[in-house]
Amino acid sequence: VQSVRGSNKILTSNPRSTRFNQLKSSHVLVMMRQQAAFVMRPDKFEEWFKANPGLQKDVNAITGQRVLKNGKRIDLYEALEDVNEGRFWSGKNARTVVGLQYSGPCPTVWNLDPLILCSNMLVLLQFEKRSTGSTVLTFFGDEEMSKTERVPSEGATMYEVQDVLQFLMIDEAINFDGSGSSSLWTSIGKLPNQRSQPSDVVRKGQDDYYSFR
């Protein structure tokens, strides 16, 4: 778990992108092992984490950008446009979002703010954006990606992502870094390879390669 001080040191290492990176990491998705998940701000998370050493072994946490709260949209376009990054919100791109449906109050033994609600179910959404690659670079060796696996996909704007989240009746959602970072590989399903088509492409020899990163 990265400290707020450590994160800020990284985020402010490039002054031109500091505000943009801060907007992309405004909240923390906290997942308690085999129990429930909730969302809080990084500074509040750090205070809570330090104050509850007995819970730390069960904590998994990742920073992202809250885009839905109590089922209502959060529009960050203007804040991003102020730092010339409005396209991050309004442009079509590959996206990765985790949604929570509230199951009720969090356990009192977790010593959380009573206004924070917990969810015992996560909804993982990954939106593809097709690119021109025909070979997949993976940790397990290169593999060809057939035309049937490269279905047409233009990506999604954050407004379109929020449409899907509200259709699914999600209460709260965290958006993670998209584009080439938005890739999914899973054992769920019956297809030979359960993977998304990544949007990042690197040139290798005479071929355009997809790159999972």
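Quick note: structure is the one above.
Definitions and cut-offs
Residues numbered from 1 in each chain as written. Predicted model: local features only at pLDDT ≥ 70, side-chain atom pairs only at ≥ 80, totals over all residues. Heavy atoms only, no water. Core = buried A, V, L, I, M, F, W, Y, C linked by side-chain atoms within 4.5 Å. Buried < 20%, exposed > 50% of the residue type's maximum accessible area, 1.4 Å probe, protein only. Contact = heavy atoms within 4.5 Å. Patch = residues over 30% accessible without salt bridge, like charges linked within 9 Å, V, L, I, M, F, W, Y side chains within 5 Å. Areas by Shrake-Rupley, 256 points an atom, 1.4 Å probe, with all protein chains shown as cover. Salt bridge = Lys/Arg side-chain N within 4 Å of Asp/Glu carboxyl O. Lys, Arg positive; Asp, Glu negative; His and termini not counted. Charge placed at Lys NZ, Arg CZ, Asp CG, Glu CD. Helix = DSSP H or I, 4+ residues; strand = E, 2+ residues; numbered from the N terminus. Arc of directions from axis to C-beta. Disulfide = S-S within 2.5 Å.

On to the nonpolar core. One finds Leu80, Val161, Leu165 and Ala173 to be the most contacted residues of the largest nonpolar core, which totals 18 residues. Not counting residues up to four positions away in its chain, the partners in contact with Val161 are Arg95, Val97, Phe127 and Ala156. The next biggest cluster of nonpolar side chains, apart from the first, holds 16 residues, and it includes Phe38, Phe49, Cys106 and Cys118.

Moving on: a negative patch on the surface. Side chains of Asp75, Glu78, Glu81 and Asp82 sit close together on the surface and give a patch of like negative charge. Take Asp82: it is sitting in the loop between helix 4 (77-81) and helix 5 (87-90). The class of Asp82 is exposed, set by a relative accessible area of 66%.

We now examine helix 6 (residues 158-167). Along helix 6, the residues classified as buried are Met158, Val161, Gln162 and Leu165. The buried residues of helix 6 occupy an angular sector of 100° when projected down its axis, which confines them to one face. Along its buried surface, helix 6 packs onto strand 3 (59-69), strand 4 (72-73), helix 5, strand 5 (95-100), strand 8 (122-127) and strand 11 (172-176). Positive backbone phi, approximately 60°, marks Met169, located one or two places after helix 6.

Let's shift gears to the side chain of Gln162. Within the secondary structure, Gln162 is located in helix 6. Classification of Gln162 as buried rests on a relative accessible area of 1%. Not counting residues within four places of it along the chain, the set of residues in contact with Gln162 comprises Val67, Arg73, Ile74 and Trp89.

Overall, the coordinates contain 7 salt bridges when judged by the stated rule. For Glu46, the salt bridge identified is with Lys50, shortest N-O distance 3.8 Å. Taken together, the residues span about one helical turn, with Glu46 and Lys50 both in helix 3 (residues 42-51) at a distance of 4 residues. Of the charged contacts, one joins Lys57 and Asp58 as a salt bridge, the two residues approaching to 3.3 Å between their closest N and O atoms. Overall, Lys57 belongs to the exposed group, its relative accessible area being 58%. By sharing partners, the salt bridges in this structure join Arg66, Lys69 and Glu172 into a single network.

This part is about the state of the cysteines. Each disulfide consists of one covalent bond between the sulfur atoms belonging to two cysteines. This model, assessed by the stated rule, comprises 1 disulfide. Sulfur-sulfur distance for the disulfide between Cys106 and Cys118 comes to 2.1 Å. In this structure, the disulfide formed by Cys106 and Cys118 twists by about 105° around the S-S bond and is classed as right-handed. Of this pair, Cys106 sits in the loop between strand 6 (104-105) and strand 7 (117-118) while Cys118 is found in strand 7, placing the two residues 12 residues apart along the sequence. By relative accessible area, which is 13% here, Cys106 ends up buried. For Cys118, a relative accessible area of 2% translates into the label buried.

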